[in-house]
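Report on the structure
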Amino acid sequence: MLAAVANSVLDEVGLDRVDVLGISHGGAVAQQFAATYPARLRRLVLVATSCGVGSAPGDWRALNNLTTESGVRAWPEMASAMWHSMAIACWSSLPFLGAISAPTLVVCGTEDTVTPPANSRMLAGRIPDASMIMLAGGHDLQDPRSAGDLARAVDNFLEGVV
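Described in the following lines is the structure provided in the data block.

The rules we used
Residues numbered from 1 in each chain as written. Predicted model: local features only at pLDDT ≥ 70, side-chain atom pairs only at ≥ 80, totals over all residues. Heavy atoms only, no water. Axes fitted to C-alpha atoms, helices over the stretch in contact; angles between N-to-C directions. Helix = DSSP H or I, 4+ residues; strand = E, 2+ residues; numbered from the N terminus. Parallel < 35°, antiparallel > 145°, perpendicular 65-115°, else oblique. Left-handed = near helix turned anticlockwise from the far one by under 90°. Contact = heavy atoms within 4.5 Å. Nonpolar A, V, L, I, M, F, W, Y, C, P; charged D, E, K, R; others polar. Buried < 20%, exposed > 50% of the residue type's maximum accessible area, 1.4 Å probe, protein only. Phe/Tyr/Trp six-rings, centres within 6.5 Å; stacked < 30°, edge-to-face > 60°. Lys NZ or Arg CZ within 6 Å of the ring centre and 35° of its normal.

A few words now on the packing of helix α1 (residues 2-13) against helix α2 (residues 25-36). Closest axis-to-axis distance for the α1/α2 pair is 8 Å, and the angle between their directions is 70 degrees. As far as their axial angle goes, α2 and α1 are roughly perpendicular. At the point where α1 passes α2, the crossing takes the right-handed sense. Residues Leu 2, Ala 3, Ala 6, Asn 7 and Leu 10 of α1 touch α2, and the partners they reach there are His 25, Val 29, Gln 32 and Phe 33. The residue inventory of the contact of α1 with α2, partitioned by class, reads six nonpolar, three polar and no charged.

Quick look at the structure:
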């Protein structure tokens, strides 16, 4: 459904072909977009994500540690994580990964315990001619310690360097 929403947004703003980057749950949406709307996709970047059903399990106990600055549990974030988990629990990109034809970069954190690097290796191995890089860091590669490295890797890929 979210891939269809993204497609509608592209129609509305008049973009025919785009580069798509999806992080974590957004990576699942990006995979579905790539499969459903291949003519719209120029390049695909999948960051800290998995194929859904069939992926290597992560350590979801980290979700229990979501708190606000005051130490109170951040219920909206926990509810969001629960809904994301439920959505990914009944979806899999395994049947169509081999049909993704757009140049693809798969990126993961070396210390990602939510979507372990084995998931990125599997994605890169099943998507034809995909490249994979591992960056120092965990699941949140947008973290200030990792964001610069991620931005450089994505820029290089989009410029055709990777």
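So much for the structure itself; the text now carries on.
We now examine the side chain of Ser 146. With respect to the helices and strands, the residue Ser 146 is situated in helix α5 (residues 144-158). Classification of Ser 146 by relative accessible area gives buried; the value is 5%.

In the structure shown here, the tally under the stated rule is two aromatic pairs. On the basis of an interplanar angle of 45 degrees and a centroid distance of 5.3 Å, the ring pair of Phe 33 and Tyr 37 is categorised as tilted. For the pair Phe 33 and Tyr 37, one class covers both residues: buried. The ring centre of Phe 157 lies 5.1 Å from the NZ or CZ of Arg 43, which sits over that ring.

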